[in-house]
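Remarks on the overall topology
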2 protein chains.
Amino acid sequence: MTELRPSSILLGALAASTLAGAETKPIQHDAEHYILLEQHAERWASEDEVIQKKLAEVREKNGGKRPNILFVLIDDVGFGEMGDPVLNHVRGYTTPNINAFARESLTFSRMYSEPTCTPTRTAILTGRLPVRSHMLEPKIVPPEGTGLNKDEVTIAEVLKMAGYNTAHIGKWHQGDIEQAMPTNQGFDTASFPLHNQATFNFMTPESEDDRLADNVKVRKTIPHYRMDKNFRPAGWVLGVDAVAGEKAQEWGAEPGKPLDYAYYDALNERYKTQVIERLNELASKDEPFFLNYWPQIPVNFTRRNREFITANGGTWVESMKDLDTHLGDLFAALKKTGAEENTVVVVMSDNGPMMQAMPESGYSQMVFRGFKGDTLEGGIRVNAYVRWPKVIAADTFAGDIIAAYDMHTTLATIAQADQYIPRDRVVDGLNQTSLLLNGDGYGRRDYLFAYEGAHLQATIKEQFKAHWPAPGSPGFALPVYDLYRDLKETKPLLATGMWTVAYFPDMLERHMALKKKFPDRPETSAEPYAGIANLRPETKALLEYYNKARKAAE
Amino acid sequence: MTELRPSSILLGALAASTLAGAETKPIQHDAEHYILLEQHAERWASEDEVIQKKLAEVREKNGGKRPNILFVLIDDVGFGEMGDPVLNHVRGYTTPNINAFARESLTFSRMYSEPTCTPTRTAILTGRLPVRSHMLEPKIVPPEGTGLNKDEVTIAEVLKMAGYNTAHIGKWHQGDIEQAMPTNQGFDTASFPLHNQATFNFMTPESEDDRLADNVKVRKTIPHYRMDKNFRPAGWVLGVDAVAGEKAQEWGAEPGKPLDYAYYDALNERYKTQVIERLNELASKDEPFFLNYWPQIPVNFTRRNREFITANGGTWVESMKDLDTHLGDLFAALKKTGAEENTVVVVMSDNGPMMQAMPESGYSQMVFRGFKGDTLEGGIRVNAYVRWPKVIAADTFAGDIIAAYDMHTTLATIAQADQYIPRDRVVDGLNQTSLLLNGDGYGRRDYLFAYEGAHLQATIKEQFKAHWPAPGSPGFALPVYDLYRDLKETKPLLATGMWTVAYFPDMLERHMALKKKFPDRPETSAEPYAGIANLRPETKALLEYYNKARKAAE
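In short, a report on the structure. (Residues numbered from 1 in each chain as written. Chains lettered and ligands numbered in written order. Predicted model: local features only at pLDDT ≥ 70, side-chain atom pairs only at ≥ 80, totals over all residues. Heavy atoms only, no water.)

**Some words on the sheet that holds strand 14 (residues 464-467) of chain B**
Residues and elements named next belong to chain B. Using the following cut-off: By the convention used here, strands pair only if DSSP detects at least 2 bridges between them. Here a strand is any run of E in DSSP of at least two residues, a helix any run of H or I of at least four, and the numbering for each starts at the N terminus. Note on definitions: angles span 0 to 180 degrees between N-to-C directions of axes, and those axes are lines fitted to C-alpha atoms, for helices only across the stretch in contact. In this description, contact between two residues means that some pair of their heavy atoms is separated by no more than 4.5 Å.
Across the sheet, 4 strands lie side by side as 12-13-14-15; this open sheet has antiparallel pairing. The sheet terminates laterally at strand 12 (447-452) and strand 15 (480-482), the two strands that pair on one side only. Ignoring which end each strand starts from, the neighbouring axes of this sheet average 25° apart. Bridge count for strand 13 (residues 455-461) against strand 14 is 4 bridges, and the pairing is antiparallel. Of the residues in strand 14, the one forming a bridge with Ile460 is Lys465. The strands touched by helix 14 (residues 495-517) are strand 12, strand 13, strand 14 and strand 15; relative to strand 13, the strand with the most contacts, the crossing angle is about 125°.

**Quick word on the sheet that holds strand 15 (residues 480-482) of chain A**
Residue and element names in this part refer to chain A. In space, the 4 strands of this open sheet follow the order 12-13-14-15, with antiparallel pairing throughout. Of all the strands in the sheet, the pair left with one neighbour each is strand 12 (447-452) and strand 15. Each strand of the sheet is rotated relative to its neighbour by a mean of 25°, with strand direction disregarded. Relative to strand 13 (residues 455-461), strand 12 is paired through 6 bridges, and the arrangement is antiparallel. When the bridges of strand 13 are listed, Glu452 appears paired with His455. With respect to the sheet, helix 14 (residues 495-517) is in contact with strand 12, strand 13, strand 14 (464-467) and strand 15, its orientation differing from that of strand 13 by roughly 125°.

**With respect to the pairing of strand 12 of chain A**
All names here are of chain A. Which entries qualify depends on this criterion: Only protein chains enter the calculation, and the probe is 1.4 Å; a residue is then buried if its accessible area is under 20% of its type maximum, exposed if over 50%, and partly exposed in between.
Taken across its 6 residues, strand 12 has 6 buried, putting it largely inside the fold. Judged by which residues are buried, strand 12 turns out to be covered on both faces: Tyr447, Phe449 and Tyr451 on one side and Leu448, Ala450 and Glu452 on the other are all buried. Where strand 12 hands over to strand 13, the hairpin turn is made up of 2 residues, of which Gly453 adopts a positive phi near 60°.

**Regarding the interface of chain B and chain A**
The cut-off we apply is this: Note on definitions: buried area is the accessible-area loss of two parts on being combined, 1.4 Å probe, summed for both. A carboxyl oxygen of Asp or Glu within 4 Å of a side-chain nitrogen of Lys or Arg is what we treat as a salt bridge. Each polar contact in these results corresponds to two N or O atoms within 3.5 Å; when the atoms are within protein, one needs to be able to donate a hydrogen and the other to accept it, and residues that are neighboring in sequence are counted only if both atoms are side-chain atoms. Any residue that is not Ala, Val, Leu, Ile, Met, Phe, Trp, Tyr, Cys, Pro, Asp, Glu, Lys or Arg is counted as polar, Gly included; the first ten are nonpolar and the last four charged.
In this complex, chain B contributes 38 residues to the contact, which on the side of chain A involves 38 residues. Summing both partners gives a buried area of about 3200 Å² for chain B against chain A, and 58% of it is carried by carbon and sulfur. When residues of chain B are sorted by the area they lose upon contact with chain A, His89, Tyr484 and Arg485 of chain B head the list and together hold 24% of the total. One can count 2 salt bridges joining chain B with chain A. Across the contact surface, chain B and chain A share 22 residue pairs in polar contact (both at pLDDT 80 or more). Looking at the side of chain B that touches chain A, the elements that each hand over two or more residues are helix 3 (85-91), strand 2 (106-112) and strand 10 (396-398) of chain B. Among the elements that make up the side of chain B that touches chain A, the one with the highest residue count is helix 3 of chain B (6 residues). Residues that form the side of chain B that touches chain A fall into these classes: 16 nonpolar, 12 polar and 10 charged.

In short, shape yes, function no, at least from these values alone.
If you want it as structure tokens, here you go:
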């Protein structure tokens, strides 16, 4: 979409002129939506009418300015690990600022993410199941040479077209190719690591030396068995600063200097400072803003140089405290700008906790079974809160099903920007504005397709969840679980299972049939690290190796 | 103690005269207390001085009247099954009144009960580990011929001696012998079932016929194999009404009428009405009151004639709704009396959920492992809230360890009645008034001895919990768990385990040594059903059988 981006001023005017009754083709949703729409069209239309009036009133109260959006996406925090003082006490640490924020918010108990970082981020950005853009799994080891396709229309692009100023700070994890960079996906500015925490935390010479990440101190490989120097790659690109329309710059890149924890810490400290600076800058402008703050903390793979002061003492739990303090600062900064009331703040996690890091992380299995990487509730059900003072009722709770990609469509609606959502593809995100504004029971989703990578592993309808015996395949004895009674998904139902054994495969069939009309995008490949101005010599050497290795497979 | 009970007026005067500096011998606690006392005596004494001043101020504000106490003890509700709107949504039902009450209260995250009903109730009543009075396990099948010994000094007796009016409504479960009756244990009046829900729910001809309690409809025993008609006893005593100093009366006893669910429902409806009537009556008096409301609901072993309207649909969950509505009514009634501000209200559960009733009950394993009947956290860690408007800070949370028997000693202190706690025995209950009034971090307990019946199964110190390999025996490889990190108690610690492998056995040794000086009471046996005026003919027949059966063993 970068080639389509007109100036924000022009688009702001355009947006304003088409806000009221823009006659656009309806968004193409997944088949299940139409089954619900047919049954609720009238009620939803009348709800939407009231909502549009309410939103207009809110705009009027804010001098015509649409609401700002601050989106905080937290990495790998399991359901129950934040926002609840009782569970805080159970776990031996506290998240007082997040708890206080939750009290000012609508809290969801059925927000579904994808099972891992990259696809959840793609879901929020594109409003679509990540399988549709082939953003299947988190890429860990650089260089990747793949990433988010330029033709995906991100929420940042949608808001940008509607006149928003946009900025991204923190974890991005959408690939290391030029078109995938935030500044080529709708953000005016971005400061982000090109890869994920792994590169800084457990793929550095320092961590390889001490192996504290795997809870083992000093376990070196016997040197004369180390035949492949690229098994442990080095020279990858670290933090990147970017401005739309310009070449990106690697931050803190010192040729010849090996990566270490100090760099990781410095980067995180920098994001903390930057997000508040950017917030102050954006809040002072005439246009509304969309600010993504997607911190890398609490994920933290080593105990070296860490402060351990909680009773829990897990490596990630200690960083939760850090995150919580920092979010407290961020919320205070927002208040100070005077923009608090006209800012929608979303705080949510991107997936369940990472099993491999337990118990060292300090996280634990809480009420659900499953972890990051699987489609059990523990993998995909996450804490989520939305605050919008005086518009969304504070201290309320919703048990409706909502998905990460719904945030795309919903925020676009709130920003009066839904006319910029593309009409030529399936958009899985539903408009959940009524749920936000009217609360519990006003959700518009009773279904969910839960993919792990390319594989459809589970499908949800109401409180019932089918585990596909083989990915995407009905099988005969479809196990169906009642999520209210069976939080651990261990006791398949008899009668409901036998009845829904017809309904779930029908959902699958409809879902797959629509995919024939709107096929999933193939993987997007390109030269890694293109578009970065200041590549270091070791990065160039890494690219050389990468190209050789690729050739070896041809 | 019944023989020692002087008139309440006299004692009220006595209490008042000795309140300020009553020079009584200190209470004998378990050995671990003195280890803490030695380290904190000065701080605790100065805290207590401030607390006494505070309590005096509160009394003064209330015209010299000490606070009323309403103690709601809920049966078999697992940690997380009430009081939390997010977890409500996760489970598909709501407890809005209990949630609202929790917001007005101090909420505990480490309240420990005993693993089952009878011992938890004994713990609260006596302020002692129930093993000390040989109240080991819930007795299910009547007649029992055992129960709480008259020489145990219950919190009702303590408060009675200090001039309180006392009443008990609901589940009692302290045995069917005369001395064990609430009105012989310090309560002026009582209305209670002599046994537990089992007798009404799954030991009736009606339930035996339909077997819905075990989720099987109609599974009769083949008649010619039914050789022993007393395998399924009948004629037991049902609900009992009692007034201190008088013979008790069985309520609704119709000779020849078999028990049915209608009787169970009628009894519960009656308790609901009675508790509000009694509350109104007690609140209108000059003396403060101690009112126990220990409902039988939500425990409910059949689906027959039940209304199922929640999304969860479990037999107990449906009754949770009923319980919640009723507690809402009770709290509203308290407010209406005008006594709300001067009433300490305790709401807690008596142990974890009953595993055998899952998933039919609708309950589930939440954050902990284990259930009613074991000493894993799931069995003994319960939801607990204490409200005292303007004295205990509302909407606060404490992670300190507190035990059910601490409520005895603490409530006695709050009522200025601790001088009536006996000095001739070990009292396990610690004075946790500072925790209640000063909040998180002001607890006085860092240890717990977790018994299942007569067997010491686990011992807790801070966040560490040792599972005794054989009950009450150190063994060599003592598994020690970190409760903050390992909620399911599955990963024994290495270093801490090796260090505390010395400390935990020392605790055990001290605990057992003190038992030599203060031995546990042997079982208290007596004629069942003595002291009830209107025994039915079938009850007399049952007693006859009981006496014959006992003789068969002599």
